[in-house]
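Geometric and topological summary
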Amino acid sequence: MTEQRVRGAHLAAFALAPCLGAALQLQQPALWPGATHAVMLSLAGGVGLALALWRGRPRWTEWLIALALVSAAFAVTGLRAHARLADSLGAELEGRDLV
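In short, a report on the structure. (Residues numbered from 1 in each chain as written. Predicted model: local features only at pLDDT ≥ 70, side-chain atom pairs only at ≥ 80, totals over all residues. Heavy atoms only, no water.)

**Points about the overall build of the chain**
What counts is decided by this rule: A run of DSSP states H or I qualifies as a helix once it reaches four residues; a run of E qualifies as a strand once it reaches two. Both are numbered from the N-terminal end. The buried label applies to any residue whose accessible area, calculated with a 1.4 Å probe on protein chains only, is under 20% of its type's maximum; exposed applies above 50%, and partly exposed to all values in between.
For the chain, the count of helices and strands is three helices and zero strands. Traced from its N-terminal end to its C-terminal end, the chain shows the element sequence α-α-α. Considered along the principal axes of its C-alpha atoms, the chain spans approximately 65 × 25 × 25 Å. In the chain, which comprises 99 residues, the share counted as buried stands at 22%.

**With respect to the pattern of salt bridges**
Which entries qualify depends on this criterion: Salt-bridge detection follows one rule: a side-chain nitrogen of Lys or Arg within 4 Å of a carboxyl oxygen of Asp or Glu.
In this structure the tally under the stated criterion is one salt bridge. A salt bridge links E62 to R57; the nearest nitrogen and oxygen atoms lie 3.7 Å apart.

**Considering the packing of helix α2 (residues 34-53) against helix α3 (residues 61-86)**
Quick reminder of the rule: Only the stretch in contact is used when fitting a helix axis, every axis being a line fitted to C-alpha atoms; angles between N-to-C directions are given from 0 to 180 degrees. Working rule for angles: under 35 degrees goes down as roughly parallel, over 145 as roughly antiparallel, 65 to 115 as roughly perpendicular, anything else as oblique. Two helices cross in a left-handed way if the nearer one is turned anticlockwise from the farther one by less than a right angle. They cross in a right-handed way if the turn is clockwise. Only heavy atoms enter the contact rule, under which two residues are in contact if any of them lie within 4.5 Å. All residues other than Ala, Val, Leu, Ile, Met, Phe, Trp, Tyr, Cys, Pro, Asp, Glu, Lys and Arg, Gly among them, are scored as polar; the first ten of these are nonpolar and the last four charged.
Between α2 and α3, the least distance of the axes is 8 Å, while the angle of their chain directions is 155°. By the criterion of interaxial angle, the relationship of α2 to α3 is roughly antiparallel. Here α2 runs over α3; the crossing is left-handed. Judged by residue contacts, G34, H37, A38, M40, L41, A44, G48, L51 and A52 of α2 engage T61, L64, I65, A68, S71, A72, F74, A75, V76, G78, L79 and H82 from α3. Its residues assigned to classes, the contact of α2 with α3 comprises 14 nonpolar, seven polar and no charged.

**Quick word on the packing of helix α1 (residues 3-26) against α3**
Contact pair α1 / α3: the axes reach a minimum separation of 7 Å and the direction vectors enclose 25°. In terms of axis orientation, α1 runs roughly parallel to α3. Our pair here, α1 against α3, has a crossing hand that is right-handed. Contact with α1, carried on its side by R7, A9, H10, A13, F14, A17, P18, L20, G21, A22, L24 and Q25, involves E62, W63, I65, A66, L69, V70, A73, F74, T77 and G78 of α3 and no other residues of that element. Looking at side-chain class alone, the contact of α1 with α3 contains 15 nonpolar, five polar and two charged residues.

As structure tokens, then:
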């Protein structure tokens, strides 16, 4: 593969990684606890940042950065789902007039 094709493949992976992470989260039958998503986001961010700042890193580490992006998007989607669930109306109030 030429250098330009390899670079294009890495850029495509970086662009598609957040979409893949969100899609994987949406396939879960039930949400994991919020703390699990928070830890996953912290680890993904730390690993991704460390790999991105590593000078002279091997080429294969770019795929690990893309994997960290997938994990971060998965975790952010889960945290957002928890925030949406916390804002829902209680079951005892559903279907009642509140005025």
